[in-house]
Structures are given as C-alpha cells and as structure tokens.
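Tertiary structure, described
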Amino acid sequence: MALPSSVRFEVLAEDPESRARAGLLHTPHGAVATPAFVAVATKATIKALPVWLWREVGVQMVVANTYHLILAPGPERVASAGSLHSWASIPVPILTDSGGFQAFSLGVAFGRTTSKVGGREPQQVPASGEAPPATITDEGVVFRSYKDGSRILLTPERSIAVQHALGADCIVALDECTAPNAPYDYQKRAMERTHRWLVASLTAHERLAGETERRLGWRPALYGVVQGGRYEDLRRASARFVGSQSVDGVAIGGSFDASDIAGAVRWVVEELPPQKPRHLLGIGEPQDLRTAIREGVDTFDCVQPTRLARHGIAYGPAFERLNLRNARFRDDPLPLNPACRCLTCRRGLSRSYLAHLVREREMVAATYLTIHNLVALTTFVAEERQRILVRAGISL
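A brief look at the structure comes next. (Residues numbered from 1 in each chain as written. Predicted model: local features only at pLDDT ≥ 70, side-chain atom pairs only at ≥ 80, totals over all residues. Heavy atoms only, no water.)

Within the protein chain, the secondary structure is distributed over 13 helices and 18 strands. On C-alpha atoms alone, the protein chain measures out to a radius of gyration of 20 Å, which is about the 21 Å that the 2.2 N^0.38 rule sets for 396 residues. If you line up the protein chain on its principal axes, its C-alpha atoms span 60 × 55 × 45 Å. A total of 396 residues make up the protein chain; the buried ones form 59% of that total. Once local pairs closer than 6 in sequence are excluded, the contacts in the protein chain between residues at least 24 apart make up 65%. (Helix = DSSP H or I, 4+ residues; strand = E, 2+ residues; numbered from the N terminus. Rg over C-alpha atoms; globule rule 2.2 N^0.38 Å. Buried < 20%, exposed > 50% of the residue type's maximum accessible area, 1.4 Å probe, protein only. Contact = heavy atoms within 4.5 Å.)

This is the structure in structure tokens:
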C-alpha cells in the first residue's frame with residue numbers, strides 16, 4: 001500500500017447543471033484553486049516572464065518538462081540546490097511531466113504536421129530527411145539529445161527518479177502518447193504499454209518517496225495517465241485501470257479530435273474515483289477549457305498563450321486572435337482589450353505601440369503579450385470556477 005503524498009485534493013462544490021466542480025489542490029507550496037490553468041514552464045521558466053510576475057498574472061501552478069531538464073541543467077544539478085523551487089525561485093507549485101509527449105513529438109510525429117489533438121494547429125514543424133530522435137520500446141524511450149547527439153534511455157523508473165530529483169509537488173508516470181489518427185490496434189498496444197509503465201512507475205515512486213521526504217520535507221503526488229485515443233472502450237478501460245491503482249491523481253492524455261473532447265473526457269471521468277484530481281494534458285483553447293471544466297476536469301496545461309505571445313499574437317475581446325504583424329494595427333490606439341486589467345492594458349500600451357515592438361522584434365514585446373495572454377486565460381478559468389460556486393450556492 002502506497003504511503004500518502006503531501007498533496008491533498010478537496011472538492012468544495014459541484015455544479016448541479018454539469019460535472020464541473022470547484023476544489024482546492026493542497027500542495028507543499030500552496031493551495032491551487034481549481035479549476036485552474038497550469039502555465040507551461042518547460043525549462044523551469046515561463047518564457048519571457050520573470051518569476052516575480054507569475055502570481056501577478058494569475059499563475060497558480062506550472063508544469064516543467066522532464067525531458068528538457070534532463071538535457072540541461074540535469075537533475076543532479078537541480079537536486080544539489082534542493083529542488084526546482086529553491087534553484088529557480090519558483091513561487092508556485094510545480095507539476096513535472098514524464099517525457100511521454102516528447103516520445104510522441106520526437107518519434108512518430110517527428111517531421112509531420114500533426115498534433116496530439118486532431119483538428120487543432122500542429123505542434124510539430126516538419127523536418128526534411130531526418131531520422132526521428134526518439135524510439136519507443138517496451139523498456140522505455142530512447143532519445144537522441146538535440147544538444148550533443150548522445151543517447152538517453154528514459155525508462156519509467158528513470159523518469160520517476162528524475163522527477164523526484166527535481167523536487168516537484170506532482171509528478172507524472174511515463175506514458176505513450178499517440179496520434180489521434182493512429183489505428184485501434186496501435187492505440188490498444190500503446191495503452192497497455194502505458195499501463196505496464198504505470199505499475200513500474202508506482203514501484204519506483206514508492207521506493208524513492210521516503211528518501212525524497214527526508215531530503216525535501218514532502219512526498220510528491222504521482223499521477224497516472226489515461227490513454228486510448230478516440231475509442232470509448234479503450235478510454236474507459238484505461239480510466240478504470242489507472243483509477244484502480246494507488247495513484248494520487250489522474251492525467252488524461254490527448255490523442256482525440258478537438259470535436260471529440262467532451263465525449264473523450266466524459267468517458268474517462270465517468271470511470272474515475274471522484275476524490276482524485278484530474279488533469280487534462282495539453283489543452284488550451286478557451287472553448288476546450290470550458291468543455292473540459294464542465295465535464296469534470298480540475299487542471300489543464302498548454303503552451304498556447306505564451307507561444308502565441310512570442311509570435312506577436314494577443315487575445316482580443318472574446319478571445320479574438322490579434323496578429324499584431326497585420327497592417328491594421330499600426331495606427332490602432334486601443335489597448336489589446338479595453339476590458340482587460342492586465343499590466344499591459346492598464347499601463348495604456350496601445351496596439352499600435354505593441355505592433356511596432358513586434359515588427360521590430362524587440363524582446364520586451366513577448367513579455368507584454370505573455371502578461372496579457374496569461375491574464376486573459378487565467379481570468380477566464382477563474383470566472384468558470386466562480387460560476388460553479390454560485391450555482392452550488394457557495395460563497396467563498
């Protein structure tokens with residue numbers, strides 16, 4: 001029997017009109033009010049945003065990338081400084097992923113215009129004639145470092161050991177992420193492999209938890225991953241298996257069409273234990289977040305708000321995408337969104353000025369737009385949470 005983690009999830013309210021719920025995810029580094037958008041801090045930083053602004057923009061929690069942190073600075077260097085929190089002065093709870101998405105993006109998806117959610121813009125830039133840098137076997141994932149070409153074998157046990165060394169509040173078992181259009185037989189094999197890896201991850205986690213608690217003062221929460229692609233029988237079977245294991249939370253993998261999100265999430269949620277937190281991996285479109293929340297998801301992460309900012313795109317009213325490279329913004333005196341209360345809009349920075357910074361490739365443009373986009377998305381999710389509380393007749 002696994003010993004309890006230092007993370008505890010509390011359901012405060014349930015929406016009488018949907019599966020949505022509001023809760024608190026209590027972690028060693030503070031409580032996260034759910035539903036919550038988890039910002040992506042791939043290499044222990046939110047791109048273009050200083051850590052002292054994270055709470056200002058509404059960030060309650062971040063997700064860091066195990067694969068990239070293995071390559072640099074290396075888990076040993078982080079562990080020698082204590083944890084990601086102490087090493088990078090991170091002020092919020094941290095979830096570390098497993099490396100499973102990199103196995104997908106650098107493996108079967110490498111060089112293809114595909115993503116793990118069909119019907120959404122691809123996350124992978126096509127390559128020309130290169131061999132995939134990642135190969136999946138039953139043992140784990142073999143990566144080729146993009147830095148020096150060295151070989152890295154990421155097994156379930158190694159992934160867990162790295163995440164313990166990084167000192168995250170919540171960690172994720174290694175899984176095999178698949179493309180939405182992968183055939184049924186392959187989805188089933190990938191799901192079964194993900195389940196075997198979860199069992200191995202749990203064993204490694206239980207072995208390391210005591211040592212991590214002595215070193216850092218807390219035990220991380222382990223999330224198992226549900227896979228199964230677009231197939232209801234596989235999704236439900238995976239959810240039942242993961243939910244039956246001694247995991248502290250459940251992560252729902254992608255690999256479905258955008259139009260299928262409501263159904264794919266519902267199949268999973270209906271099979272899961274209600275007391276465990278649910279995290280949806282890699283979903284960031286506002287309409288998808290609303291759908292996921294109403295189907296009972298507690299947290300979700302996506303690179304979209306920060307990636308759009310780095311490409312000169314900001315959220316306008318009603319989440320219209322404002323591409324500031326377009327000529328129509330060169331003389332536009334309005335703020336990005338007249339109703340927005342982010343620092344960028346409150347300081348009166350006009351679309352015209354921001355378009356100038358984007359066109360001139362000034363580095364600060366990404367910071368201004370990242371502040372705005374994250375405030376827009378975290379505010380949107382906070383309003384969804386408040387709606388749940390009101391419908392449940394709860395005032396906090």
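That shown, we press on.
Spatially, β4-β5-β6-β11-β12-β13-β15-β16 is the arrangement adopted by the eight strands of the closed barrel, whose pairing is parallel. On average, each strand axis in the sheet is inclined to that of its neighbour by 30 degrees, with strand direction left out of account. Judged from the three bridges that link them, strand β5 (residues 62-64) and strand β6 (residues 94-96) form a sheet pairing that is parallel. In the strand pairing of β6, V62 is matched with I94. Along the sheet face, helix α5 (residues 156-166) touches β6, β11 (170-172) and β12 (221-226) and points at about 160 degrees away from the line of β11. (Pairing = 2+ DSSP bridges. Axes fitted to C-alpha atoms, helices over the stretch in contact; angles between N-to-C directions.)

Summarising the element assignment, H195 is placed in helix α6 (residues 184-216). Residue H195 is classed as buried on the basis of its relative accessible area, which comes to 10%. Among the polar contacts made by the side chain of H195, one reaches the side chain of S238 at a distance of 2.9 Å. Dropping the residues within four chain positions of it, H195 is found in contact with A237, S238, F241 and V242. (Polar contact = N/O pair within 3.5 Å; in protein donor to acceptor, adjacent residues only side chain to side chain.)

Okay, the pairing of strand β9 (residues 141-144) next. Here three bridges tie strand β8 (residues 134-136) to β9, and the two strands are oriented antiparallel to one another. Looking at β9, one finds that A134 is bridged to F143. Count of turn residues in the β8/β9 antiparallel hairpin: four residues. Alignment of β9 against strand β10 (residues 151-154), held across four bridges, turns out to be antiparallel. Opposite R144, over in β10, you have R151 as the bridge partner. If you look at the hairpin formed by β9 and β10, you'll find six residues sitting between the two strands, and G149 has a positive phi there, around 80 degrees.

Turning to the pattern of salt bridges, a few remarks are in order. Counted by the stated rule, this structure contains 23 salt bridges. As a salt-bridge pair, R19 and E270 come within 2.8 Å of each other at their nearest N and O atoms. Pair noted here: R19 is in the loop between β1 (8-14) and β2 (21-27) and E270 is in the loop between α8 (261-269) and β15 (278-280), with a separation of 251 residues, a long-range link. Residue classification places R19 among the partly exposed positions, given a relative accessible area of 34%. Among the charged side chains, a salt-bridge network with shared partners connects R19, E232, R236, R240, R266, E270, E271 and E295. (Salt bridge = Lys/Arg side-chain N within 4 Å of Asp/Glu carboxyl O.)

Let us look at α6. Because the α-helix completes a turn every 3.6 residues, residues three or four places apart line up on one side. Where α6 bends most, at L208, the angle is about 35 degrees. Positioned one or two residues after α6, G217 has a phi angle of 95 degrees, which is positive. (Bend = angle between axes of the 7 residues up to and from the residue.)

On to the sheet that holds β9, then. The sheet built from three strands is open, its strands ordered β8-β9-β10 with antiparallel pairing. Two strands bound the open sheet, and with one partner strand each, they are β8 and β10. Strand-to-strand twist in this sheet, taken as the mean axis angle between neighbours without regard to direction, amounts to 15 degrees.

Contact geometry of helix α12 (residues 351-359) with helix α13 (residues 363-391) gives a least axis separation of 7 Å together with a crossing angle of 135 degrees. By the criterion of interaxial angle, the relationship of α12 to α13 is oblique. As for how α12 packs across α13, the hand of that crossing is left-handed. Every residue of α13 that contacts α12 at Y353, L354, L357 and V358 is listed here: V364, A365, Y368 and L369. Its residues placed into classes, the contact of α12 with α13 shows eight nonpolar, no polar and no charged. (Parallel < 35°, antiparallel > 145°, perpendicular 65-115°, else oblique. Left-handed = near helix turned anticlockwise from the far one by under 90°. Nonpolar A, V, L, I, M, F, W, Y, C, P; charged D, E, K, R; others polar.)

It is worth spelling out unusual backbone geometry at this point. Residue P35 follows T34 across a cis peptide bond; omega there is 0 degrees. The residue P35 is located in the loop between β3 (30-34) and β4 (36-40) in this model. The phi dihedral of A48 falls on the positive side, at around 75 degrees, and the residue is not glycine. Tracing the backbone shows A48 in the loop between β4 and β5.

What follows covers the environment of A365. Counting through the fold element by element, A365 comes out in helix α13. Expressed as a C-alpha distance, the spacing of A365 and Q227, which sit 138 residues apart in the sequence, is 38 Å. Leave out the neighbours within four places in its chain, and A365 touches L357 and V358.

Now for a positive patch on the surface. On the surface, K43, K47, K147 and R310 cluster together into a patch of positive charge. Among the structural elements, K147 can be located in the loop between β9 and β10. (Patch = residues over 30% accessible without salt bridge, like charges linked within 9 Å, V, L, I, M, F, W, Y side chains within 5 Å. Areas by Shrake-Rupley, 256 points an atom, 1.4 Å probe, with all protein chains shown as cover. Lys, Arg positive; Asp, Glu negative; His and termini not counted. Charge placed at Lys NZ, Arg CZ, Asp CG, Glu CD.)

The geometry of an aromatic ring pair is captured by two quantities: the separation of the ring centres and the angle between the planes. One pass over the structure, following the stated rule, counts four aromatic pairs. On the numbers, 4.6 Å between centres and 40 degrees between planes, the contact of Y67 with F143 is tilted. Note that Y67 is positioned in helix α1 (residues 66-71) and F143 in strand β9, a separation of 76 residues in sequence. Of the two residues, Y67 and F143, neither departs from the other in class, the shared state being buried. Ring geometry for Y315 against F319: centres 5.0 Å apart, planes inclined by 75 degrees, an arrangement best described as edge-to-face. Given the relative accessible area of 2%, Y315 is considered buried. By relative accessible area, which is 23% here, F319 ends up partly exposed. (Phe/Tyr/Trp six-rings, centres within 6.5 Å; stacked < 30°, edge-to-face > 60°.)

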